[in-house]
Structures are given as structure tokens and as C-alpha cells.
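Observations on the three-dimensional arrangement
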Amino acid sequence: MAGNKWNMRGIEVARTVAKWSKDKSTQVGAVVLMEDGTPLTFAYNGFARGVDDDVPERHERPEKYKWTSHAEENAIANLARTGQMARGATLYVTHFPCAGCARKIIQAGIARVVVDAASMNEDFIARWEEDMSCSKEMFAEGGVEVIIHE
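Rules behind the numbers
- Residues numbered from 1 in each chain as written.
- Predicted model: local features only at pLDDT ≥ 70, side-chain atom pairs only at ≥ 80, totals over all residues.
- Heavy atoms only, no water.
- Patch = residues over 30% accessible without salt bridge, like charges linked within 9 Å, V, L, I, M, F, W, Y side chains within 5 Å.
- Areas by Shrake-Rupley, 256 points an atom, 1.4 Å probe, with all protein chains shown as cover.
- Salt bridge = Lys/Arg side-chain N within 4 Å of Asp/Glu carboxyl O.
- Helix = DSSP H or I, 4+ residues; strand = E, 2+ residues; numbered from the N terminus.
- Buried < 20%, exposed > 50% of the residue type's maximum accessible area, 1.4 Å probe, protein only.
- Contact = heavy atoms within 4.5 Å.

Judged by side-chain polarity, W20, F42 and Y44 come together as a nonpolar surface patch covering roughly 320 Å² of accessible area. Considering the arrangement of structural elements, one finds W20 in the loop between α1 (4-18) and β1 (29-33).

Written out as C-alpha cells, the structure reads:
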């Protein structure tokens, strides 16, 4: 299912879901599809269910890092919450996963990660380059295929 048609569809859905995030600086979306394209879940970066996300101070760096879950983390949590397995699935995400999310992706059994190339701008790379390097190394060792979708 790693074909270009599905990559485009997965990234389109992830971009749409990213718009649901209240994050003022970086809206991230993720969608997990089975090998045949059946959707399992989608998620965006944001606060945990029930936690008040209308408190302005919680959205400012560095405080927001304590309150916000990444889209990939939320997608994996959604799968666990609904009793679904990610083994062999593809995760489509608008931004390259950080090291923490890479660990969770590997542990969940996700087979491939497709990243939206449009997110790889200077600002994002400047803030996440070190994490991206670590994530790439972990993905390679953990057997997770990474595709940058143009």
C-alpha cells in the first residue's frame, strides 16, 4: 500500500486533521491506515481528553510541551483506546516524528511512516533536526520504512 496514490490520500487526510489542532505555531495531523487502505484512526497534536485547552499559558513554549501530546502519540493512544492493532499499518503524518514518537511508532508495530515533505521548512528543521536524526536512526534499526512524500 506504499504506492503514490495512497501516500497522497494519507497525507491529504493528515493535513485536514492537522487543522483541528489549537496549537498556534505547529499544527500536526496523523492518520493510520491498514495495508489495504482501511482507516484505523486519525489524530492531531493537542491536550489529553478533558484537559482544559483554553488556558492561554498552556499554549506558550516551553510550558506547552508539558501539556501537548504529539499527533503520532495521540494516534497510537486512540488505537489502544479502541482495541485496534497497528502491526503492519502505515502512519501518514504532516511532520517528521520526534524521537519520543519514533519509539512509540516502533513499539506499536507500525511498518512505515509517510511524512509530508511540505513540512520540512527551515523553522521546523532548526527546532527538530537533532530529534529527526535520532528518529531516522531508530526507524532504520527498528525496521520502519520512512517515505518523504513530495
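Structurally, A30 is set in strand β1. When its relative accessible area of 0% is taken as the criterion, A30 is described as buried. Separated by 15 residues in the primary sequence, A30 and N45 place their C-alpha atoms 8.7 Å from one another. If we ignore the near neighbours within four places in the chain, the residues touching A30 are A14, V17, T41, F42, A43, A71, E72, A75, L91, Y92 and V93.

Time to look at the pattern of salt bridges. Counting across every chain of the model gives seven salt bridges. The partner of D116 in a salt bridge is R15, and the shortest N-O contact between them spans 2.6 Å. Of this pair, D116 sits in strand β4 (residues 112-116) while R15 sits in helix α1, and the two are 101 residues apart along the sequence. We note a salt bridge from D123 to R127, for which the minimum N-O separation is 3.2 Å. Remark: R127 and D123 occur in helix α5 (residues 122-142); sequence separation between them is four residues, near one turn of the helix. Of the residues examined, R127 reaches a relative accessible area of 30% and is grouped as partly exposed. One salt-bridge network, held together by shared partners, links K22, D53 and D54.

The analysis is restricted to geometry; functional conclusions fall outside its scope.
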